[in-house]
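An overview of the molecular structure
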Amino acid sequence: MLMKKYSKYIIVVASFSIVSAILWNTYVFSEKIKINERYKMEILAIAYDRFGSDNLNQDFSLEAKIFESNHNIPMIVTDEKGAIVMSRNLDSIKALDSVYLYSQLELMKAENTPMVITYLEDKQNVIYYKNSDLLTRLQYYPLMLILILVLFSGIIYLVFKSNKIAEQNKLWTGMAKETAHQLGTPLSSLLGWIELMRLENAVPLIVPEIKKDVQRLNVIAERFSKIGSEPERLAIDVLPILKTTLAYFESRSSKNIHFHFYTDLDKFVVKINDQLFTWVLENLIKNAIDAMAGKGTLTVVLSKTEKTLILTVEDTGKGISKKLYRKIFTTGFTTKKRGWGLGLSLSRRVVEDYHAGKIFVKKSELEKGTVFEVQIPV
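Read on for an overview of the structure. The structure presented is a predicted model; accordingly, all values stated were derived computationally and were not measured.

**With respect to the packing of aromatic side chains**
Applying the stated criterion across every chain yields a total of two aromatic pairs. Arranged with centres 6.3 Å apart and planes meeting at 80 degrees, the rings of Phe 329 and Phe 372 form a pair that is edge-to-face. Here Phe 372 lies in strand β11 (residues 369-377) and Phe 329 lies in the loop between β9 (308-315) and α8 (343-355), a separation of 43 residues in the sequence. For the pair Phe 329 and Phe 372, a shared accessibility class is recorded, and that class is buried.

**Regarding the sheet that holds strand β10 (residues 358-365)**
The five strands lie next to each other as β6-β8-β9-β11-β10, forming an open sheet whose pairing is mixed. Edge positions in the sheet fall to β6 (257-263) and β10, since each has one partner strand and no second. On average, each strand axis in the sheet is inclined to that of its neighbour by 15 degrees, with strand direction left out of account. Its contacts with the sheet place helix α6 (residues 238-251) against β6, β8 (296-304) and β9, and it is angled at close to 175 degrees to β6. Across the sheet, α8 lies against β10 and β11, angled at about 135 degrees from β10, the strand it touches most.

**Concerning helix α7 (residues 274-292)**
Its 19 residues give α7 an end-to-end C-alpha distance of 27 Å, which sits within 8% of 27 Å, the value for a rise of 1.5 Å per residue. Taken across its 19 residues, α7 has 15 buried, putting it largely inside the fold. Phi turns positive one or two residues past the end of α7, at Ala 293, with a value near 50 degrees.

**Details of the packing of α6 against α7**
Running from N to C, α6 and α7 point in directions that differ by 40 degrees, and their axes come no closer than 10 Å. At the point where α6 passes α7, the crossing takes the right-handed sense. In this structure, α6 uses Val 238, Ile 241, Leu 242, Thr 245, Leu 246 and Phe 249 to contact α7, whose residues at the interface are Asp 274, Phe 277, Thr 278, Leu 281, Glu 282, Ile 285, Lys 286 and Ile 289. Along the lines of polarity and charge, the residues of the contact of α6 with α7 split into nine nonpolar, two polar and three charged.

**Describing the pattern of salt bridges**
Applying the stated criterion to the full structure yields four salt bridges. Note that Asp 290 and Lys 286 form a salt bridge whose closest N and O atoms lie 3.6 Å from each other. With Asp 290 and Lys 286 both in helix α7 and four residues apart, this pair spans about one turn of that helix. Asp 290 gets classed as partly exposed once you look at its relative accessible area, which sits at 36%. The exposure class assigned to Lys 286 is partly exposed, which follows from its relative accessible area of 43%. Between Glu 373 and Lys 362 there is a salt bridge whose closest N-O contact spans 3.4 Å. Placement of the pair is Glu 373 in strand β11 and Lys 362 in strand β10, with a sequence separation of eleven residues.

**Notes on the pairing of strand β4 (residues 123-129)**
Buried residues dominate β4, accounting for five of its seven residues. Across five bridges, the pairing between strand β1 (residues 75-79) and β4 is antiparallel. Note on β4: the bridge partner recorded for Met 75 is Tyr 129.

**Considering the packing of α7 against α8**
At a minimum axis separation of 9 Å, α7 and α8 run at an interaxial angle of 145 degrees. When you trace α7 past α8, the crossing you get is left-handed. Listed contacts from α8 to Leu 276, Trp 279, Val 280, Asn 283, Leu 284 and Asn 287 of α7 are Gly 343, Leu 344, Leu 346, Ser 347, Val 350, Val 351, Tyr 354 and His 355.

**Points about the side chain of Ser 253**
Positionally, Ser 253 belongs in the loop between α6 and β6. Those residues in contact with Ser 253, other than ones at most four positions away along the chain, are Phe 259 and Ile 289.

Cut-offs used in this document
Position labels on residues start from 1 in each chain and follow its written sequence. Only residues with pLDDT of at least 70 are given local features in this predicted model, and only at 80 or more are side-chain atom pairs given and counted; all residues enter the totals for whole chains, interfaces and linings. With hydrogens and water excluded, all non-hydrogen atoms of the structure serve as input to the side-chain values. Stacked, tilted and edge-to-face are the three classes assigned to paired rings of Phe, Tyr and Trp, where Trp is represented by its six-membered ring and a pair needs centres within 6.5 Å; plane angles under 30 degrees give stacked, over 60 edge-to-face, the rest tilted. Here a strand is any run of E in DSSP of at least two residues, a helix any run of H or I of at least four, and the numbering for each starts at the N terminus. To sort residues, take the accessible area from a 1.4 Å probe on protein chains only and compare it with the maximum for the residue type: under 20% means buried, over 50% means exposed, and anything in between is partly exposed. Pairing between two strands requires that DSSP report at least two bridges joining them. Fitted lines through C-alpha atoms serve as axes, helices being fitted only where they are in contact, and the angles separating the N-to-C directions of these axes extend from 0 to 180 degrees. What makes two residues a contact is simply this: any of their non-hydrogen atoms within 4.5 Å. To estimate how far a helix should extend, the number of its residues minus one is multiplied by 1.5 Å. By definition, turning the near helix anticlockwise from the far helix through less than a right angle yields a left-handed crossing, and turning it clockwise yields a right-handed one. Under the grouping applied here, Gly and all other residues not named as nonpolar or charged are polar, the nonpolar ones being Ala, Val, Leu, Ile, Met, Phe, Trp, Tyr, Cys and Pro and the charged ones Asp, Glu, Lys and Arg. A carboxyl oxygen of Asp or Glu within 4 Å of a side-chain nitrogen of Lys or Arg is what we treat as a salt bridge.

In structure tokens, the structure reads:
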């Protein structure tokens, strides 16, 4: 069990260890090749020096073989004034261009220490060279491995993160469904008591209000029970939903908060899930009420374009800093002392994922108020 729990971490550590070992061996191998190439060029320099000997009777066959054996290390030989005398193992066509040769010479000067050859006592040549193609490619190989390692790390991070999010979502879904189940029993009992109070002519003003609260609890329970399921969308007139929701909050809010609702529509039917749409509206209204701290004006406006329902909720509360416009929709983020940071996050999910719409902060000024806008395609 313990082995299974830590198996993914063992695999990650093993993978990093293998890649690190490959990087180290590649580095050691490339350094050996570089030393061997330097040694080869030193032998070639000695052979070249012997060619400059004034003893014309000397046998130069060995030197010639050494000189001809260099097939892979690009080199340029200059005289004491810096003029190019000869070149080898460069592009045969480009080697005819002096600009190309001198540009290669500058690269060689920067890459390796040159070797000076003295002959005929007062004459000097200088051999410049750069790494062979094999060594150059080998030196880039660790960079490729590092990039692969970074990519591999990113993939592992995303996999772990997605697994964690999936586990959290599963937990929240389970908690929501269990909450809905637990709410069911007392709700049924309360509904029974309300009916009994009605039959026995209890205080007329109290029973309807209790009934509204119980119905609201019932709606909340139904919402929780549907979390994790695909919601059903039906063609519904949104005007009654807006009016009922506003009336509910107005009757239960401070008398110093003034509610206003404006629309030039008599009826507006749109395909929505009424319970989830109401949830979004309730979140926006409740946030507005909280932002005003018991005093202010809450204004809801419903309008439409040819293809879009537009709902704005405006308050005269404390406002939101511009840098938080996007952040407030992040799960867990809240500016309240007692808050879960779920309301706006869930609202965005309902609007964007379930209704293919948009929800955003249209404008906000600190200590003046905020305007939220919801757009839902008709």
